[in-house]
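Reading the structure
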Amino acid sequence: MMVKEQTRYSRLANITKLINTKLELREVLQHVTTAISEEIVQCDSVGIYLPQEDGTFRGYVGKPETINGMTLDMHIIDTRNDLLAKEVIETQRTIYIPDTSQDERPDAWAIEGFEIKSLLVLPISYEKELFGLAFLFDYGIPMNLTESEIQTVEAYVNMAAVAIRNANNLTHKENLIAEKQLLLDVTRNLSMCSTMQQGLDTSFYYIAKVLNNYNVGAHLLDPLAGKRIKPAKLSKDSDWTEEDWMRTHQKIKIDPENDAVFQEVIRTKKVIIIPDVFEDNRPNHDACRDFGIKGMFMFPLVSMGEVLGVIAVVNLGDKPIVYSEATIQLCQSIAEATASTLSNLLYMEKQEVIIEERTSEITVKNQELERVVAELQHLSREKELILNSAGEGIFGLNLEGKITFCNPAGEAMLGYETKGELIGQPGSIIFNGKKAKIESDNGSSQRSWSIGHTDDRFYRKDNTSFPVEYVISSIKEGEDIVGDVVTFKDITQRKQMEEEIKYHAYFDSVTDLPNRVLLKDRLNQGIKYAQMNGGKVALLYLDLDRFKFINDTLGHSYGDLLLRDVAKRLSACIPKSATVSRQGGDEFTIFLPNSKSRKEILKVVNQVVSSFAEPFYVKDNEVYIKTSIGISLFPDHGDTSETLIKNADTAMYKSKEISGNSYHFFSSGMDTRTFEIVKFENALYKALDQNELMIYYQPQINYETNTIVGVEALLRWNHPTEGMVSPDEFIPIAEETGLIVPIGEWVLRNACLQIKEWHRKGFPLISVSVNLSVRQFEQDNLFGMVKSILKKTELAPEYLHLEVTENQIIKNSDITLKTMEQLKGLGISIAIDDFGTGYSSLGYLKNFPISTLKIDKSFVQDIIQDEDNAAITNTIITLAQNLHLNVIAEGVETKEQAEFLAARSCYLMQGYYFSRPMKAEDIAELYLSCGVN
C-alpha cells in the first residue's frame, strides 16, 4: 500500500514538473491519462474532452486512441443528450455510476455502443472555472471503483485543470504580444504608404484581420467641398464591389450630413457599436435595407484633434457580432495610426496640387514669353515690365550657354544686388558645373542640358546653394531654336517639410528619441552583425514606476515634460554606440550592440539606475521616479528583434514586482507565477463567501468630555491556515483584482448594521467611519449603493462618516465632486483621511463638500520631539478651525500627545492610547455600557 502511495505521489510530482516546464498541452494531458489508466486497473478507457464553441465537448486525448473504429477526436459529448455530463458541468462535482442499467442520465447511445457497465465522469475545473470533462469506463465489466480510487483520479484531473489553465494563460499572453506586433506592423506599413488609397487599403487589411470582417469602408471629409462627408474607399475584399457601393450611395441619395450615426461619431470623436441597426433609431433604416446591413461598428479618424472622416465596419449576416473590449481598443489604435498617416498624405497631396498648379502657371508664362520673343525679336520695354513683375525667377540663355537676361525676382533669389550683373556670365555659375555649351556636329548645334521640368539646386553669388524647382523652355524664331528661358522658384520650405515628415516616421515626437520602427531596424542590423562576427547584443526594456499616477495627477502635458527629462538622462548615461528609444507610454529601450559580457551590461544598468537618483522637477515639484528594467541577450534569449523585445518586456514585468530600480535578466520560467501566490489570491476570492473577513472597530474619543463619539470600521482577514493576514498584504490584491468593490460594500453594510444594533439597544448614538477605496469611488453606482444600504439598515445618514484620501478626490474631480455632493445631500459626513500626505492642492478644501480632516498618524507620532511635525499638526488644526471643519487626530499613543492636541482645541482623537481596534462585542462591553476608561 505504501509503495502504491509513493508511486502515486511520484506521478503527481512528475506531472507538476511537466506543467512547469511548459510542455505542449496535449503531451501533459497524455501523461495524465496514462497515469490514471495505470492507477485504475479496471478501466479500459480514459478520455479528456475539451469544450467547443457550440457548447459541446470533443475528445482531445485518451486511451485507447481508437474506439469501435472511431478516433477520439470524433467523439462528441452533447449535453442535450447526455444528462450526466450536463449535471457534472452544472454542479462541477464528480459522479460515479456503479451500474449504468439503473441510471437514465448517461447517453443511451454511448452506453449501448461501448457496452459501458459502470461510468465515472469528473469535471476538469480550477477555482470554479470549468476547462473540460474526464470519462472513465471498462468494456462490458463494472469498474467497482473505491472512494480512494476516485479521489486518486480526481487528483490527476486537478493537475489536468492546472495544465489547461496555464496553457490558456500563455495563449492570452501570446495574443497580447501578437497585438503589440500587429500595431508595430501597422505603423511600419502605414509609414511606407505614399497615397491615401494605399493608406486606406493598409488600414482595411489590418482592421479586417482583427475583426474577421472584410466589409470595411471609409467616408472622408472633403476639404474642397465645404468639409462634406463623402464615400471615399471600400475594401477590395468586401462582399460589394466598389462600383456597386458608390452607385448605391448615389441611388438612395444618402446624406451623411443628416445621418445621426455619422454626426454622433464626428461630434463625440468616439466609437459607436450598433449590433442590431433595426433595434436602434439612429441609423438610416432604409439605407441599411438597401445595403443589407444588420449591424455596424464605426469609429472616427482623428488627427491632431481634427476629424478626417469615419471608418465603418458592417455586419451583413443575420447573427449579431459581439466584439471584445480588447478588439475594440486594438481597432481604435489602428484607426489612430491611419488618421495620422492620412493627415500627412493629405498634406502632401495638397502640396502636390499646389506644385502642379504653379508649374502649369509657369508653363503658361513661358509660352507667353516665347510668343513675345518670337514677335518682338528683342527685349522691349513690354518684355522688361513682364519680367520685372513675375514672382518666380526667370533668366535666359543663348546657344553658347551665356546668360542673356534675368528678372529682379531671380537676381534677388540668386543674391545679386546690382541690376544686370549676371548678363554675359556662363549659366554654369547657377547650375554649378552643368555648363550650357554648344557642340558643333556637322554644322548643327545640340545643347547638353535637359529640357523640361525637374528639381535641383541653384547656387547663389556667395556660392551657397538652395533647392529649386525649374523649367527650361526653348526660345524659337520660326522653326529655329535661338536660346532657352529658365523659370525657377525656391522650394526650401517644401524640402524642410519633407524632411520633417521623414523625421517623424522614425523618431518620437515627444522625446526626439528613435521610435519603435527605427529601434527595430537598428536591432536587426545589430543581430546580423553579431551573427556574422559571433558577437552578442543586449536589449534593456525600461518602465517608469508610478508614472501613471503623476500623469493622472499633474496632467499629460507635464507627463510629457517628465518623459523628455527621462530621455535626456538616459541619452547622457549610455555608451555612444548604444541607442535609446521610446516604445510608447512610459516605456523605453536601450540597445547595446556588440556587448562583450554581463559585467559590461550591468555597468550600463548601474549608470541608468544612478541617473534616476536625483529628483525630477515637474510643475515646481520634486518628483522621484524609479525604473524597472528587463534585459534580454542575443543569442541567449532569442535570435530575432521581436523575440528579444518580447523577452526583455517579460523580464521587466518581473522587475516591477520589486518596485524601485530593480532589474532582471530574462529566464524561461520567470513568467510563471508561483503556485503559492496563486493560492493566496484565490483564497481571497473565497474569503468573503466563507466568512473569513471580519470588522474590527477602533473608538474615536472626545478628550474634553472623556466620551466615545464614534468608531472607525477596520477590515481584517482571518485566513484558515495563515491566521490573521495584515491588511497591507491583502488590500493591494483586492484593489488589483477589483474584489475591493464587493468587499467594501460588505464592510459598509455590516458596519451600518452594527451601529444600528447598538442604537436599538439604547447605547450612546455614536457614528461609524468607513473608508472608501479608489475602485469604489470609480463605480457609477456608489451613491445608489450607499443610499440603498442606509435604507435597508434603517440607519440615519448623520451617523455614517465616509473617509477618502486626498489623492482619491483629485482623480476624476468632476465625477468625484458630483458623487460627494450627492452623498452630502443625504446627510452623510465626508472626511479626508491621512490629511497632509497627498499631492493635491488645498483648493479642494473650499470646492469639495468636506466636513472633517483626519491628521495622519505620521505627524502625531513625533509632535513632542519633532518641531516640524508639531508645526504641521498645529497648521492643520488652525486650517480646519478657520474653515469651520472638524478635525480628528489619528495614532495618539501617549498622554503627552493627547495633551498637546487638546491644548490646541483638537479634542477628537483615536489611537492606542485609548484602544487598539477590537471586536464589536468588546466595544459594547468596554465603551458603550460604561463610558470611556
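Per chain, the residues get numbers from 1 upward, laid out in the order the sequence is written. Per-residue local features of the predicted model are confined to residues with pLDDT of at least 70, and side-chain atom pairs are confined, for both listing and counting, to 80 or more; whole-chain, interface and lining totals are unaffected and use all residues. Side-chain measures were taken over the full set of non-hydrogen atoms in the model, leaving aside hydrogen atoms and water.

1. With respect to the overall build of the protein
Secondary structure summary: the protein contains 31 helices and 36 strands in total. Evaluated residue by residue, the protein yields a buried proportion of 45% over its 933 residues. Pairs of residues are marked as contacts when any of their non-hydrogen atoms sit within 4.5 Å. Across the protein, every contact between residues at least 6 apart in sequence was considered, and the portion connecting residues at least 24 apart equals 60%. Each accessible area is a Shrake-Rupley result for a 1.4 Å probe, and residues are judged covered by the shown protein chains and nothing else. Summed over its atoms, the accessible surface of the protein is roughly 48100 Å², and 49% of this surface lies on carbon and sulfur atoms. Secondary structure counts use DSSP, requiring at least four H or I residues in a row for a helix and at least two E residues in a row for a strand, with both numbered from the N terminus. Relative accessible area decides the class of each residue, using a 1.4 Å probe on protein chains only: under 20% of the type maximum gives buried, over 50% gives exposed, and in between gives partly exposed.

2. Points about the packing of aromatic side chains
Classification of ring pairs uses Phe, Tyr and Trp, with its six-membered ring standing for Trp, and accepts pairs whose centres are within 6.5 Å; under 30 degrees between planes counts as stacked, over 60 as edge-to-face, and the remaining range as tilted. Throughout the structure, instances matching the rule amount to 18 aromatic pairs. A ring pair is formed by Tyr 49 and Phe 135, whose centres lie 5.3 Å apart and whose planes are at 70 degrees; its orientation type is edge-to-face. Taken together, the positions of Tyr 49 in strand E1 (residues 45-51) and Phe 135 in strand E8 (residues 129-139) put the pair 86 residues apart, joining distant regions of the chain. Each member of the pair, Tyr 49 as well as Phe 135, carries the same accessibility label: buried. Placement of a charge over a ring requires the Lys NZ or Arg CZ to be within 6 Å of the ring centre, with the centre-to-atom vector within 35 degrees of the ring normal. Positioned over the ring face of Phe 665 is Arg 598, at 4.1 Å from the centre of the ring.

3. Overview of the sheet that holds strand E13 (residues 306-315)
In spatial order, the strands read E10-E9-E13-E12-E11; together these 5 strands make up an open sheet with antiparallel pairing. Looking at the sheet topology across the chains shown, the edges are occupied by strand E10 (228-234) and strand E11 (272-274). In this sheet, adjacent strand axes meet at a mean angle of 20 degrees when their direction is disregarded. Two strands pair if DSSP finds at least two bridges between them. As paired elements, strand E9 (residues 216-222) and E10 share 6 bridges and run antiparallel to each other. By the bridge assignment, His 219 is partnered in E10 with Pro 231. Think of each axis as a best-fit line through the C-alpha atoms, taken over the contacting stretch in the case of a helix, with angles from 0 to 180 degrees between the N-to-C directions. Against the sheet, helix H6 (residues 196-211) touches E9, E10, strand E12 (295-303) and E13, its axis set at about 140 degrees to E9.

4. What about helix H21 (residues 727-737)?
Among all positions in H21, only Phe 730, Ile 733 and Ala 734 are buried. For H21, the buried positions fall inside an angular range of 100 degrees around the axis, keeping them on one side. In this structure, H21 carries Asp 728 and Glu 736 as exposed residues pointing more than 90 degrees from its buried face. Directly after H21, the chain includes Gly 738, whose backbone phi takes a positive value near 85 degrees. In this description, one arc is meant: the one made by directions from the helix axis to the C-beta atoms.

5. Here's the deal with the sheet that holds strand E23 (residues 587-592)
An order of E22-E23-E21-E26-E27 is seen for the 5 strands of this open sheet, with the pairing classed as mixed. This sheet does not close on itself; its edge strands, each paired only once, are strand E22 (579-584) and strand E27 (663-665). Adjacent strand axes in the sheet meet at a mean angle of 20 degrees, parallel and antiparallel pairs treated alike. Note that strand E21 (residues 537-544) and E23 share 6 bridges and pair antiparallel. The residue bridging Leu 540 from the neighbouring strand is Ile 590, located in E23.

6. With respect to the nonpolar core
Grouping buried Ala, Val, Leu, Ile, Met, Phe, Trp, Tyr and Cys residues that are joined through side-chain atoms within 4.5 Å yields what is termed a nonpolar core. With 77 residues, the main nonpolar core has Tyr 697, Trp 758 and Leu 800 as its most contacted residues. Tallying contributions element by element places helix H22 (residues 740-760) first for this core, with 8 residues. Membership of the second largest hydrophobic core comes to 34 residues, among which are Ile 574, Val 604, Val 608 and Ile 631.

7. Remarks on the packing of H22 against helix H24 (residues 782-793)
Where H22 contacts H24, the two axes come as close as 10 Å, and the packing angle between them is 30 degrees. Classified by the angle between their axes, H22 and H24 sit roughly parallel to one another. In this structure, the crossing between H22 and H24 has a hand that is right-handed. Packed against H22, whose contacting residues are Glu 745, Leu 748, Arg 749, Cys 752, Leu 753, Lys 756 and Arg 760, the element H24 presents Met 785, Val 786, Ile 789, Leu 790 and Thr 793 at the interface. Any residue outside Ala, Val, Leu, Ile, Met, Phe, Trp, Tyr, Cys, Pro, Asp, Glu, Lys and Arg is labelled polar, Gly included; the first ten of those are nonpolar and the last four are charged. Here the contact of H22 with H24 is composed, by residue class, of 7 nonpolar, 1 polar and 4 charged. Put simply, angles under 35 degrees are roughly parallel, angles over 145 are roughly antiparallel, angles from 65 to 115 are roughly perpendicular, and the rest are oblique. A crossing counts as left-handed when the near helix is turned anticlockwise from the far one by less than a right angle, and as right-handed when that turn is clockwise.

8. Examining helix H31 (residues 920-928)
Looking only at H31, the buried set comprises Ala 920, Ile 923, Ala 924, Tyr 927 and Leu 928. All buried residues of H31 project into a common sector of 110 degrees when viewed along the axis, lining one side. Set apart from the buried face of H31 by more than 90 degrees, the exposed residues are Glu 921 and Glu 925. Buried-residue contacts for H31 involve strand E28 (693-702), strand E29 (707-719) and H22.

9. Some thoughts on the packing of helix H16 (residues 547-554) against helix H17 (residues 556-572)
At a minimum axis separation of 6 Å, H16 and H17 run at an interaxial angle of 135 degrees. On the basis of their axis angle, the class for H16 and H17 is oblique. Counted together, Phe 547, Ile 550, Asn 551 and Leu 554 of H16 and His 556, Tyr 558, Gly 559, Leu 562 and Leu 563 of H17 form the full contact between these two elements. Looking at the contact of H16 with H17 residue by residue, the class counts come to 6 nonpolar, 3 polar and no charged.

10. A look at the pairing of strand E33 (residues 829-835)
Within E33, 5 of the 7 residues are buried, leaving the element largely enclosed by the surrounding structure. Bridge analysis of strand E32 (residues 800-805) against E33 gives 5 bridges, and the strand direction is parallel. Following the sheet pairing, Thr 805 is matched in E33 by Asp 833.

11. Quick look at the pattern of salt bridges
Salt bridges are identified by distance alone: a Lys or Arg side-chain nitrogen within 4 Å of an Asp or Glu carboxyl oxygen. For the structure on display, the rule yields 18 salt bridges. Among the ionic pairs, Lys 233 bridges to Asp 201, the shortest N-O distance being 3.5 Å. Residue Lys 233 is found in strand E10, and its partner Asp 201 is found in helix H6; the two are separated by 32 residues along the sequence. Glu 264 is the partner of Arg 282 in a salt bridge, and the nearest nitrogen-oxygen pair spans 3.1 Å. Highlighted residues: Arg 282 in the loop between E11 and helix H9 (285-291) and Glu 264 in helix H8 (residues 260-268), separated in sequence by 18 residues. Among the residues examined, Arg 282 registers a relative accessible area of 24% and is labelled partly exposed. Exposure remark for Glu 264: the relative accessible area of 21% places this residue in the partly exposed category.

12. Thoughts on the environment of Asp 636
Position of Asp 636 relative to the elements: it lies in the loop between strand E26 (627-634) and helix H19 (641-656). Taking C-alpha positions, Asp 636 is 9.3 Å from Phe 666, a pair spaced 30 residues apart along the chain.

13. Here's the deal with the side chain of His 719
Relative to the assigned elements, His 719 resides in strand E29. In protein, a polar contact means a hydrogen-donor-capable atom and an acceptor-capable atom, both N or O and within 3.5 Å, with residues adjacent in sequence counting only if both atoms are side-chain atoms; elsewhere, any N or O pair within 3.5 Å suffices. Reaching out from His 719, the side chain makes a polar contact with the backbone nitrogen of Thr 721 at a distance of 3.1 Å. His 719 has contacts with Ala 683, Glu 692 and Val 725, leaving out every residue within four places of it along the chain.

14. Describing the confidence of the model for the protein
The pLDDT score gives, residue by residue, the confidence of the prediction method on a 0 to 100 scale. Averaged over the protein, the pLDDT score is 81; the fraction of residues at 70 or greater is 86%. The secondary structure element of the protein with the lowest average pLDDT is strand E16 (residues 438-441), at 35, and the one with the highest is strand E36 (residues 908-909), at 95. Residue range residues 433-446 is modelled with pLDDT below 50. Its contacts to residues more than four positions away, or to other chains, number 22 contacts.

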